[in-house]
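Structural overview
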Amino acid sequence: MSRKRTWPSTEEEMDSKIREGGGTESQNGSTTSFNSSTSQVTIEPLPSLRHAAPFSTDPMALAERDSCHYGRIPRAAALAGTAGRKVRVYSDGIYDMFHQGHARQLQQAKTVFPNVYLIVGVCSDQLTHSRKGRTVMTEDERYEAVRHCRYVDEVVRDAPWEYDEEFLEKHKIDFLAHDDIPYTTEDCEDTYAMIKAKDMFVATQRTEGVSTSDIVARIVRDYDIYVRRNLARGYSAKELNVSFLNEKKFRLQNKMDELKDKGKKVMTNIGEKRVDILTKWEEKSRELIDAFLLLFGPDGRLSNIWESSKGRLMQALSQPPSPRGSPPPSENGDHSPLYRSSVSPPPAKARRREPDWETHAGNWMHRALSALATPRRQRRAS
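Residues numbered from 1 in each chain as written. Predicted model: local features only at pLDDT ≥ 70, side-chain atom pairs only at ≥ 80, totals over all residues. Heavy atoms only, no water.

**Some remarks on the environment of Val 227**
Along the chain, Val 227 turns up in helix α11 (residues 223-232). Between the C-alpha atoms of Val 227 and Ala 237, which are 10 residues apart in sequence, the distance is 8.9 Å. Not counting residues up to four positions away in its chain, the partners in contact with Val 227 are Leu 240, Val 242 and Phe 250. (Helix = DSSP H or I, 4+ residues; strand = E, 2+ residues; numbered from the N terminus. Contact = heavy atoms within 4.5 Å.)

So, in structure tokens, the structure goes:
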């Protein structure tokens, strides 16, 4: 149930409030004061936002309890907001690893009636370990977690597992807020049976999918991950109750994960620059193809050089034609006139031929073989 603040609607109502006490107190405990010179409204923060909720033995909580004229408020008067004082609602629990499910349950208890003073009981370690099992947080840590919740007005340490009339009167409890699931013990089937019989029970709703047991199950399921996480953050193997071999294994896995992360970052950077790399490579490939065609293409420079020098190379490598035989001389020893007229004049300048190394090598080899085949005595005689 939500609550709305009531504001003075006219300037006359503001002035009357100023004359009566200088301010108004809203249903949630915040104080509204008025400045007569500027007609401004000043809203003071909630007490729970200024400081943590007191314990039941602190002077602030004792003063609040002593100022309460206890007489149990009927449910109808509590719902209508006509009780004349704050409705004292009690809620209890273990509150181990305080999470949003706990906070929502306390929010429901705080807003179940228009004007609620919420008292929260937290069980001790000894009682919790004997009734429900081991906790992750100590009792002092759980006390502090609850008293810093904004919906809590007072915290009862070492709260009982079962209730009696003495406990209700001591803390002047009007209603008890809890989820409607029966809590069985060795002595009774429902711990809240007596409270329900007195019409003092207010049901709250649990938050599905969120509980301390679920959180512990997640930690146990992902045990290796959390051990590696804490080793990477500087915790020692002794603090985590991990053996020497497991410590080395977990540290090696951390190193492998770091390498994987670095590889992913490199691939991501390459992926971002891939388009630029492909564009630049395409431009460079076009330049290389143009340069290749310019040199080796059909109209390239090397083709022109080859065509121009091919004739010269063929002429230099080919042998000259052998001379034709001369006719026999005449009776007087001269050549015939016909022969003289047919003989072409010598060229003006003979072109020097390059030595035919292959022919020279063949001649030299022939002479060497002939010398080896000649008998020794014949060579001496010669």
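**Quick look at helix α5 (residues 100-110)**
Within the sequence span of α5, burial applies to Gly 101, His 102, Gln 105, Leu 106, Ala 109 and Lys 110. At its buried positions, α5 is contacted by β4 (87-93), β5 (116-122), β7 (175-179), β8 (201-204) and α10 (212-221). (Buried < 20%, exposed > 50% of the residue type's maximum accessible area, 1.4 Å probe, protein only.)

**Remarks on the side chain of Arg 65**
With respect to the helices, strands and loops of the structure, Arg 65 is situated in helix α3 (residues 59-66). Judged by relative accessible area, Arg 65 falls into the buried class, the value being 11%. A distance of 3.0 Å separates a polar atom in the side chain of Arg 65 from the backbone oxygen of Ser 56. Residue contacts for Arg 65: discarding those within four places in its chain leaves Ser 56, Arg 88, Glu 154, Lys 170, His 171 and Lys 172. (Polar contact = N/O pair within 3.5 Å; in protein donor to acceptor, adjacent residues only side chain to side chain.)

**Considerations on the pairing of β4**
The element β4 is extensively covered by neighbouring structure, given that seven of its seven residues are classed as buried. Burial of β4 is two-sided: the residues Val 87, Val 89, Ser 91 and Gly 93 facing one way and the residues Arg 88, Tyr 90 and Asp 92 facing the other way are all buried. In this structure, β4 lies alongside β5, joined through seven bridges in parallel fashion. Counted as the bridge partner of Ser 91 is Val 120 from β5. The parallel pair β4 and β5, bridged by α5, forms a crossover whose chirality is right-handed. For β4 and β7, the ladder comprises two bridges, and the chain directions are parallel. Bridged to Tyr 90 within β7 is Leu 176. (Pairing = 2+ DSSP bridges. Right-handed = clockwise from strand over helix to strand, strands pointing away.)

**Structural notes on the environment of Asn 241**
Tracing the sequence through the fold places Asn 241 in the loop between α11 and α12 (244-296). According to the relative accessible area criterion, Asn 241 is exposed, its value standing at 69%. Spatially, the C-alpha atoms of Asn 241 and Val 227 are 9.6 Å apart, while their sequence positions differ by 14 residues.

**Here's the deal with the pattern of salt bridges**
By the definition in use, this model includes 12 salt bridges. Among the ionic pairs, Lys 196 bridges to Asp 190, the shortest N-O distance being 3.1 Å. For Asp 190, a relative accessible area of 16% puts it in the buried group. Across the salt bridge formed by Arg 221 and Asp 222, the nearest N and O atoms sit 3.5 Å from each other. In this structure Asp 222 comes out as partly exposed when scored by relative accessible area, which is 22%. Several salt bridges converge on common partners, so that one network encompasses Arg 72, Glu 165 and Lys 198. (Salt bridge = Lys/Arg side-chain N within 4 Å of Asp/Glu carboxyl O.)

**Here's the deal with the pairing of β5**
Among the seven residues of β5, seven are classified as buried, and the element is accordingly described as predominantly covered. Residues Val 116, Leu 118, Val 120 and Val 122 point to one face of β5 and Tyr 117, Ile 119 and Gly 121 to the other, with burial holding for every one of them. One ladder, built from four bridges, connects β5 with strand β6 (residues 154-157); its direction is parallel. Across the sheet, residue Gly 121 finds its bridge partner in β6, namely Val 156.

**Digging into the packing of aromatic side chains**
Summed over all chains, the structure comprises eight aromatic pairs. Here the aromatic rings of Tyr 163 and Phe 167 are separated by 6.2 Å at their centres, their planes lie at 35 degrees, and the arrangement is tilted. Look at Tyr 163 and you get buried, because its relative accessible area is 10%. Among the aromatic residues, ring-to-ring pairing joins Tyr 90, Tyr 163, Phe 167, Tyr 192 and Phe 201 into one connected group. The ring of Phe 55 carries the charged tip of Arg 157 above its face, separated from the ring centre by 4.0 Å. Geometry around Phe 201 places Lys 196 over its ring, the cationic atom sitting 5.0 Å from the centre. (Phe/Tyr/Trp six-rings, centres within 6.5 Å; stacked < 30°, edge-to-face > 60°. Lys NZ or Arg CZ within 6 Å of the ring centre and 35° of its normal.)

In short, geometric facts, not functional conclusions.
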